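Examination of the molecular architecture
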Amino acid sequence: MITFDCRKQLFHLATPHSSYLIGLHSGKYVTHLYWGRRLTDIPSGSLYTPGNLAFSPNPDPRNPSYSLDTMPQEYPFAFRTDYRIPAYEVETAEGCFAGELQYERHEILTGKPPLPGLPATYVENHEEAQTLLLHCRDQISGLCIVLSYTVFNSLDAIARSVRFVNDSGRQVVLRRALSASVDLPAAKYEMITLPGAWGRERHVQRTELFQGTCSIESRRGASSHQQNPFLALVTPETGEEHGDAFGFSLVYSGNFLAGAETDQLGSVRIFLGVNPNTFSWGLVSGDSFQTPEAVLVYSAHGLGGMSRIYHRLYRTRLCRGRYRDTPRPVLINNWEATYFQFTQDKLISIANQAKKLGMELMVLDDGWFGHRDDDTSSLGDWVPYRKKLPEGLDGLARQVTAVGLHFGLWMEPEMVSADSNLFRTHPDWVIQIPEKCRSEGRNQLILDLSRDEVCNYIINTVSNVLDQAPISYIKWDMNRHMTEYYSTSLPPQRQKELGHRYMLGLYRILETLTARYPEVLFEGCSGGGGRFDPGMLFYMPQIWTSDNTDAADRIRIQYGTSLVYPVSSMTAHVSAVPNHQTGRVTPLSMRGDVASLGVLGYELDPNTLGDIEQDEIKRQIEQHLKLRRIILSADLYRLASPFEGDEAAFQFLSEDKSVCLIAYFRLRGTISAFPRKLRLHALDHASTYRCLETGQVYGGSELMFSGFPVQGSQASNGFSDFYSHIFTLKPET
Ligand code: DGJ
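This next bit is on the site of the ligand. What surrounds the ligand is a group of 13 residues, the closest being D365, D366, K475, D477 and D547. Note that an oxygen atom of the ligand is positioned 2.8 Å from one of the side-chain N or O atoms of R442. A distance of 2.8 Å is found between an oxygen atom of the ligand and a side-chain nitrogen or oxygen belonging to K475. Protein chains shield 97% of the accessible area of the ligand, which is 290 Å² for the free molecule.

Rendered as C-alpha cells:
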C-alpha cells in the first residue's frame, strides 16, 4: 500500500512486513527516510535531521543549515554538494555534469505498468500492486526524471526503475542512469555477492564494508560468470533465518554496476544499474530513456527470508509463459555423450535408451548445422549438416518423437563463425573496429544486435528452424564475451550506446520468438551459467546453471544461485564419471540427488550404463516425477552451507506444509563424528511427522528445536565422502 501524508510530506510504501519511507525536504529534495520492518505509526519529521558539516558545502547559500552531502537521498545527483556516488549524470550541450533533482508532482497508480522493451516483474491483476511515480526535474539539464516504485501487496519487495524524458528542447547525453540508489543509516554492514568464473559460478562471498566503495561490475556484455547482478546488505549478526537482509537484484543481462559506498559518517549508499563505464546515451529533444528494473527486498528473517521472497516473485511474477507453472520435462542431452561426433543412428540409440529409463525430452546439442565438426566453423549457418543428419532436422525429430520423446535443439543465434556463409555475406554485421581489430573467443564473433536488420535476421532464422521440425525446446547458448565495443552502424558519439542497444536488440528477439512460439520451452545458457540473471528469466523460465556437472562442485553453485533464484530456474544434469570438468568420481546417487534439486536432466550416453546404474537412474526419475512439483514450488530453507563446511543441506516445505523434504549432502566424511542433526523450520509445533524412508516419527517442535537426525541408523555412511540422501517427512496429525 502506498500513502502520501501531505502535512508531513511523506510517502509510505508499505509491504506486509516492511516500510519504505520517502520524504520531500523543503518540498523539493527527494530524501530516503527509512527502510526496514513495518512501522505502524510514523513520527512527524524526526526521521532525518539536517546537519551542517565542515567541508560539506551548502547548495543554498542563504541556508547553510544543510548539505546534500549528508542528506539521505533517493536518486542522488552529481556535484551539487554531494560527493558520494551519483545515480545519474547528464552532460549538457554546454558541458555541465552537475545535476539537481527536484520533485514536481506524483501519481499513485493501481497495478504496475510494463517497461517498454525491457524485462520486468509484472502483475496479473491490478489489485496485486500499486505504483508510485515521482515526477522530478533536473534543474540544470532540464530533463524530466520519473522515479517509479512498485509495491507488491503480498510480498516484501519493491520494484524500482527510472525514466528520463527529454522535454527540455535541447540535446543532452546521459552518462550514467542507474536503476536504484538507497542511503541507509550508519551501522555495521556486510555485503554479500555471488562472484565466480566459468565452471565455478555464483559462490557466496561475504565482505565487511569499509569507508570507501565496495563494488562489483560486468564489462563483458553479459551479466557474466564472474559477477551476478545482485548484492545483499546484512548486519554482522544476520544469518540464514535471523537478522536484517536487504537484497538488490537487477533485472538485466548486460553490463552492470552494483556496490555500496560507506561515507565519512558511516552511512551507506547502495547503487545498482547499467554499468556507466561502458554506457552513454544521447537524448535529442523528445527522446526518452528507460532504465532496467531493480528489485529491492527486505527481510527481518535473514538471508533465507530474503531468498524466499525473491523465489516467489521471480517464479510467479517474472517468469512467464506456459512453462512457468508446469513441471519441466526430464531431458537427455547428447553434449557430454558425443560432443561434436554423432550420427543420426547414434542419437536415436541414445533416445531409445533414454526413453526406457523414463526420460521425456531428447536435446540435440552443438554440431548439427553448417559443416560443424568442431568449434571453428558454421555458427550463423543454421541449416542441417547432412553428413550427420541425412534426413535433416525434421527426419531426426520425427524419429525421436516416434520413440516417445519430445525433441529439443541447441542454438547460439547471437554468434557467427568467421568460417560461415553468414559472415562471408555480411562481414559488417559483427562487433569489430573495421580494418583495425576484432577479437575472437572460442573462434567466434558476436553479431551486432544494435542493428535492426541483424535482429530481424535472427528472428527469421530461428523461426525457420522451429518451423521445419517438431521442436518443443530450444537451448539458447552464448559462448563468448563482448570486446572492442564498436558498431559500424552507430555514429562516433553514440558508440558507447552499443552495450545497451545490444541488450535491447536481444530482448526484442526473445520477446518476438517466445510470443510466436508459446509452446516451445526456451532454456537460457551461456557457457553454463554466464547469463543467469532475472533479465533472461523473463523470457526463459530455466537456465543451464553451470557447465560444471561435478556433484560436489555443483552443490556449491546451486547453493549460491539459490540466494536469489528459485530452484525451478536451475537446470541440473547427471553426467558420467570421472567428471568431464573436474575428473572427480562421485556416486551416481549423489549426482542424482544434486540434480533433482533443480530441473532434472541427464548428460551422458545411457547405452554405456550397466544394469545397476540403469535401475538407479530409473529410480531417480521416478522419485523426481513424484517430487518435482513440490521441489520446484516449495519454500526453501538452507540448513547447512557448503561454503562453511563439508556438507550442504536444504529443507523444502510445500506451500500447504503437507510435505517436507530434507536433502542432505556430505562432501567429505569425518571419522568419529557426533551424529548430525539438522534443525528444521516452519513446521507445526503440535503435529507429529513421519519420515517415509525410515518410518521414524518425530514431533514438530522436536524437529525444529532438537533437530532431524540425518544419519539415523546408517552408521556405515557416518564417515563416507559424497554421501547424500533425500528424506520425506509428512505430518500425521
Ligand atoms: C556451452 C554449453 O554450456 C554446453 O552445455 C554446450 O551446449 C556447449 N556450449 C556446446 O558448444
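From this point, the discussion proceeds with the structure in view.
Take the pattern of salt bridges next. Per the counting criterion, the structure on display carries 49 salt bridges. Salt-bridge contacts for R317 lead to E124; the nearest nitrogen and oxygen are separated by 3.5 Å. Within this pair, whereas R317 is found in helix α1 (residues 302–317), its partner E124 is found in the loop between β6 (101–110) and β7 (129–138), the two being separated by 193 residues in sequence. Classification of R317 by relative accessible area gives buried; the value is 15%. The partner of R508 in a salt bridge is D452, with the nearest N and O atoms 3.6 Å apart. Residue R508 is found in helix α7 (residues 498–516), and its partner D452 is found in helix α6 (residues 452–467); the two are separated by 56 residues along the sequence. Through salt bridges with shared partners, one network takes in D82, R84, D183, D263 and R269.

Our next topic: the domain arrangement of the protein. Domain annotation of the protein identifies domain 1 (2–40 + 55–317), domain 2 (331–548) and domain 3 (640–731). Distance from the C-alpha centre of domain 1 to the C-alpha centre of domain 3: 39 Å.

So, on to the sheet that holds strand β35 (residues 688–691). One open sheet accounts for 6 strands, arranged β31-β32-β33-β38-β35-β36; its pairing is antiparallel. Two strands in the sheet have a free side with no partner beyond their single neighbour: β31 (635–640) and β36 (697–699). The mean inter-strand angle of the sheet, taken between neighbouring strand axes irrespective of direction, is 25°. Those strands touched by helix α9 (residues 551–561) are β31, β32 (647–653) and β33 (660–666), and its axis lies near 50° from that of β32.

Let's shift gears to helix α3 (residues 344–357). Compared with the 20 Å implied by 1.5 Å per residue over 14 residues, the 20 Å span of α3 between its first and last C-alpha is a close match. For α3, every residue scored as buried is listed here: Q344, L347, I348, I350, A351, Q353, A354 and L357. The inward-facing, buried residues of α3 abut β21 (331–333), α2 (335–338), β22 (361–364), α4 (392–403) and α11 (611–633). Following α3 by one or two positions, G358 adopts a phi angle in the positive range, close to 110°.

Their axes nearest at 9 Å, the elements α9 and helix α10 (residues 588–595) cross at an angle of 15°. By the angle between their directions, the pair α9 and α10 is classed as roughly parallel. Crossing of α9 over α10 shows left-handed handedness. Together, A551, A552, R554, I555 and Q558 of α9 and M590, R591 and V594 of α10 make up the contact between the two elements.

The rules behind each value
Every residue gets a number counted from 1 within its own chain, in the order that chain's sequence is written. Since the coordinates come from a predicted model, pLDDT governs what is reported: local features require at least 70, and pairs of side-chain atoms require 80 or more to be given and counted, while whole-chain, interface and lining totals use all residues. Side-chain metrics rest on all non-hydrogen atoms present in the structure, leaving aside hydrogens and water. Near residues are defined by distance, with any heavy atom within 4 Å of the molecule or strand qualifying the residue. Polar contact is the term for a pair of N or O atoms within 3.5 Å; when the atoms are in protein, one must be able to donate a hydrogen and the other to accept it, and sequence-neighboring residues count only if both atoms are side-chain atoms. A 1.4 Å probe and the Shrake-Rupley method give the accessible areas. Residues count as covered only by the protein chains that appear here. Whenever a carboxyl oxygen of Asp or Glu lies within 4 Å of a side-chain nitrogen of Lys or Arg, that contact is scored as a salt bridge. Each helix is a run of DSSP H or I of at least 4 residues and each strand a run of E of at least 2, with the numbering of both proceeding from the N terminus. Exposed residues in this analysis have more than 50% of their type's maximum accessible area, buried residues have under 20%, and partly exposed residues fall in between, with area computed by a 1.4 Å probe over protein chains only. Boundary definitions for the domains trace back to an automatic or database domain assignment. Strands are labelled as partners when DSSP assigns at least two bridges between them. What counts as an axis is a line fitted to C-alpha atoms, over the stretch in contact for a helix, and the angles between N-to-C directions run from 0 to 180 degrees. We call two residues in contact when some of their heavy atoms are within 4.5 Å. By this rule, a helix spans an expected 1.5 Å times one less than how many residues it contains. What sets the label is the angle itself: under 35 degrees gives roughly parallel, over 145 gives roughly antiparallel, 65 to 115 gives roughly perpendicular, and the rest give oblique. Note on convention: the crossing is left-handed when the near helix lies turned anticlockwise from the far helix by less than a right angle, right-handed when the turn is clockwise.

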